[in-house]
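So you can see what is in the structure, the chains are spelled out below.
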Amino acid sequence: MRSIKLWPPSQITRQVLVDRIVKNLATPSILSRKYGLLSKEDAEEDAKLIESAAFVAASQHFDKDPDSDGGSSVQLYAKESSKLMVQVIKRGSRGKDDRETTIPELVTLPSDHETVFDISGGRRAFIEAEEAKELLKPLKESGNKYTKICFSNRSFGLPAGHVAASILSAMKDQLTDVDFSDIVSRRPEPEAVEVMRMLSSALDGSNLNYLNLSNNSLGERGIRAFADLLKSQKNLVELYLMNAGISEHAAKALRELIPSTNKIKILHFHNNVTKDEGAVAISQIVKESPNLEDFRCSSTRVGSVGGVALSESLQNSTLLKKLDLRDNMFGPQSGVALGRALSVPVKLTEIYLSHLRLEDEGVTAIVKGLKGSASALEILDLAGNSLTSEAAPAVAACITSKKHSLTKLNLSENELKDAGAMVIGEALEGDFGRLNIVDLSSNGIRTGGATALAKAVVGKPEFRMLNINGNFLSNKGVEDVREIFKNSPRMLGSLDDNDPNGKDDDDGDNNQDA
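Residues numbered from 1 in each chain as written. Predicted model: local features only at pLDDT ≥ 70, side-chain atom pairs only at ≥ 80, totals over all residues. Heavy atoms only, no water.

With an unreviewed UniProt entry as reference, the chain is termed WPP domain-containing protein, source organism Lactuca virosa.

If you want it as structure tokens, here you go:
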């Protein structure tokens, strides 16, 4: 019987690998947190070069034993592509000439430089015991240097969990980064909880810098299933619990189990049902994290009580660089409390506060706090907060104070209208040397406000995009704005969603707020 040849792979298989590499290069990962993400364009170009180099190496290996089934060549193909991908991420975005000359050279790098073990590529899939033994075999090799593991996108059942736990227990002392996100997808809850408990026990006593438990529908039972692991961690620097079922009780359990957050720099909660009581528990963790640099608690259904608690806890976060509280129900009082906290961080560069129901009172307090800080703010997002022209002067004063650092301003989905847009436009006439994106879409703006904004930004040296779509520009107003950008039309976003029957300034724009 003729044996099945595994090499060479089909063109479809090769393209699947290219697509996987593009995804890994252009989406957040353990390595991208340190070395940065590539643009999609760079990722697509690099992915083709990586796959080609890995294919050549594997083909040369196959040519040495053409009568084999090609299984070892397939393994080398995967191993080389993974190794090259890691090296490209570490090198960051490079010019085309550099990539074409340096990527093939990476094939000769020794494999013992590898420290990342990642099985997350490809489609989400169940994994059973035999497959786990084969897939995790490199972790059992004597002298392996793996310090970072990612089991994401593989759903472990009990038999596979036993295999993984046994292997991890033997190597836990060398691990620094563990990604257990999305590891029990579609498993029955009792089985999922037991798998998490086994993996947790296996890593009890490890000394991790990075832990990701996202996308696991943990709830309180899941958090407590990871009790052994959590209770033994005293040096965590990064903790991720996004889309993880962090309810009020789960948040309280987390607060109870983590022994120390003194070294935490990155703490991310996103898309959970945390609500107010859970936010109060999280605020206690934040208070005890003096080195916090990046805090995210977005889309967690937190109301005013929880919003005030979180805001007040940030008064201790003097090293904060990035804050993301988007899509909650904070209300104005949380904004007032947050305004007091935001005068403290001196390194804050990015702040995302859209869709928090802050209204003029909350927004005014926040921008006054930011104006009074020494931070070199780069990104300010206040979209969707019912902001009106009443608060526009305070916002204008804030962005003017950050004109040498501000790169992106998002005030979309508010109610600034022409009066507010003109105030913002006048402020933007200043020397904003780094500004590249301004978004005031869906603000009830007519021609006067739109042209004021357009004239303010069109000559900026690094400007890339003005979005004023979804407003009330007439056909003539659209033509006027396009005329301002006639020498740089790519800097102007679409204007297709404006009111074609809107009145021009001299037909009543100035009376719109009456």
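### Section: the pattern of salt bridges
Rules: In the sections that follow, a salt bridge refers to a side-chain nitrogen of Lys or Arg positioned within 4 Å of a carboxyl oxygen of Asp or Glu. Burial classification: accessible surface area is computed with a 1.4 Å probe over protein chains only, and a residue below 20% of its type maximum counts as buried, one above 50% as exposed, and the rest as partly exposed. The numbering of helices and of strands both runs from the N terminus, where a helix is a DSSP run of H or I of at least 4 residues and a strand a run of E of at least 2.
Within this structure, the stated rule accounts for 20 salt bridges. Among the salt bridges present, the one from Glu191 reaches Arg187, with a minimum N-O distance of 4.0 Å. Since its relative accessible area comes to 12%, Arg187 is described here as buried. Glu350 serves as the salt-bridge partner of Lys322, at 4.0 Å between the closest nitrogen and oxygen. Remark: Glu350 occurs in strand β11 (residues 350–352) and Lys322 occurs in strand β10 (residues 322–324); sequence separation between them is 28 residues. Given the relative accessible area of 29%, Lys322 is considered partly exposed. Here the salt bridges do not stand alone but share partners, grouping Glu128, Arg187 and Glu191 into one network.

### Let's talk about unusual backbone geometry
Negative phi values dominate among residues other than glycine, just as trans dominates among peptide bonds. A positive phi angle is found at Lys275, which is not glycine, with a value near 55 degrees. Classification of Lys275 as partly exposed rests on a relative accessible area of 36%. A positive phi angle is found at Ser442, which is not glycine, with a value near 55 degrees. Among the structural elements, Ser442 can be located in the loop between β14 (437–439) and α18 (447–457). Here Ser442 falls in the partly exposed class, since its relative accessible area comes to 34%.

### A few points about the side chain of Asn272
Convention followed: What qualifies as a polar contact is a pair of N or O atoms within 3.5 Å, subject to a donor-acceptor requirement within protein and to the restriction that residues adjacent in sequence count only when both atoms come from side chains. Any two residues having at least one pair of non-hydrogen atoms within 4.5 Å are treated as being in contact.
Residue position: Asn272 is located in the loop between β8 (266–270) and α12 (275–287). A polar contact is formed between the side chain of Asn272 and the backbone oxygen of Leu241, at a distance of 3.0 Å. Not counting chain neighbours up to four residues away, the residues in contact with Asn272 comprise Leu241, Met242, Asn243, Ala244, Gly245, Ile246, Ser299, Thr300 and Arg301.

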